[in-house]
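Descriptive analysis of the structure
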Amino acid sequence: MKIAVEKGQDKTLLEDGRQQVTITDIEEGTSEYKGIPFFAVRFENEDGYVSHRFYQSQAGMPAIISLFDMVGIPAQEGKELDTKQLIGKELTIEVGERSYNDPENHNERVLKQAVNFLAS
């Protein structure tokens, strides 16, 4: 079997801790179980990458607003934010793990993701 390695797939997941990264990709989708729209951000540097989903929900909006603020794109009431503006922006994130129960089989799963990226 031959397996093609596409651009960016030759990198490993970032180590836990503070990382200076660039946003290199945005993918849009909806959550598998509740149909909530999200955009997944790929944070990358020379050492690796990590992806993080931002859900467009009441609970998820503070994280979305903070992400845009951190890269210098202020949110304004009555205006829309465009995720395409995030591509190429640099910021510092904290990489860590989060565990949750899989809604389908109720087993615990662990994700590596960006955490504590909120502006302070």
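Let us look at the structure shown here.

Cut-offs used in this document
Residues numbered from 1 in each chain as written. Predicted model: local features only at pLDDT ≥ 70, side-chain atom pairs only at ≥ 80, totals over all residues. Heavy atoms only, no water. 1 Å grid on protein atoms, 1.4 Å probe; cavity = no way out; pocket = protein on both sides within 12 Å on 5 of 7 lines; lining within 4 Å. Points joined across faces, edges and corners; volume = space filled by probe spheres on them. Helix = DSSP H or I, 4+ residues; strand = E, 2+ residues; numbered from the N terminus. Nonpolar A, V, L, I, M, F, W, Y, C, P; charged D, E, K, R; others polar. Pairing = 2+ DSSP bridges. Buried < 20%, exposed > 50% of the residue type's maximum accessible area, 1.4 Å probe, protein only. Polar contact = N/O pair within 3.5 Å; in protein donor to acceptor, adjacent residues only side chain to side chain. Core = buried A, V, L, I, M, F, W, Y, C linked by side-chain atoms within 4.5 Å. Phe/Tyr/Trp six-rings, centres within 6.5 Å; stacked < 30°, edge-to-face > 60°. Lys NZ or Arg CZ within 6 Å of the ring centre and 35° of its normal. Salt bridge = Lys/Arg side-chain N within 4 Å of Asp/Glu carboxyl O.

Roughly 280 Å³ of internal volume is contained in the second largest pocket. It is helix α1 (residues 61–70) that provides the largest number of residues to the lining of the second largest pocket, a total of 4 residues. For the lining of the second largest pocket, a count of residues per class yields 9 nonpolar, 4 polar and 3 charged.

This part takes up the pairing of strand β1 (residues 17–30). In terms of strand pairing, β1 meets strand β2 (residues 37–45) through 8 bridges, oriented antiparallel. In the sheet register, Asp25 faces β2, and the bridge partner there is Arg42.

Moving on, we get to the side chain of Arg42. Position of Arg42 among the secondary structure elements: in strand β2. A relative accessible area of 16% places Arg42 in the buried class. A polar contact is formed between the side chain of Arg42 and the side chain of Glu44, at a distance of 2.9 Å.

Attention shifts here to the nonpolar core. Ile23, Phe39, Phe43, Leu67 and Leu86 are the most contacted members of the largest nonpolar core, which totals 19 residues. Counting only elements with at least two residues in this core, the list comes to β1, β2, β3 (48–55), α1 and β4 (90–101).

Let us now look at the packing of aromatic side chains. For the structure on display, the rule yields 2 aromatic pairs. Judged by centre distance (5.3 Å) and plane angle (15°), the ring pair of Phe39 and Phe54 falls under stacked. Taken as a pair, Phe39 in strand β2 and Phe54 in strand β3 lie far apart in primary sequence, 15 residues in all. We note that Phe39, like Phe54, is buried. Sitting over the face of the ring of Tyr49, Arg42 holds its NZ or CZ atom 3.9 Å from the ring centroid. A cation over an aromatic ring shows up here: Arg53 above the ring of Phe38, its NZ or CZ 4.0 Å from the ring centre.

In total, this model carries 4 salt bridges according to the counting rule given. Ionic pairing is found between Arg18 and Glu94, a salt bridge with its closest N-O pair at 3.9 Å. Of the two residues, Arg18 sits in strand β1 while Glu94 sits in strand β4, which places them 76 residues apart along the sequence. With a shortest N-O distance of 3.1 Å, Glu32 and Arg53 are connected by a salt bridge. Pair noted here: Glu32 is in the loop between β1 and β2 and Arg53 is in strand β3, with a separation of 21 residues, a long-range link.

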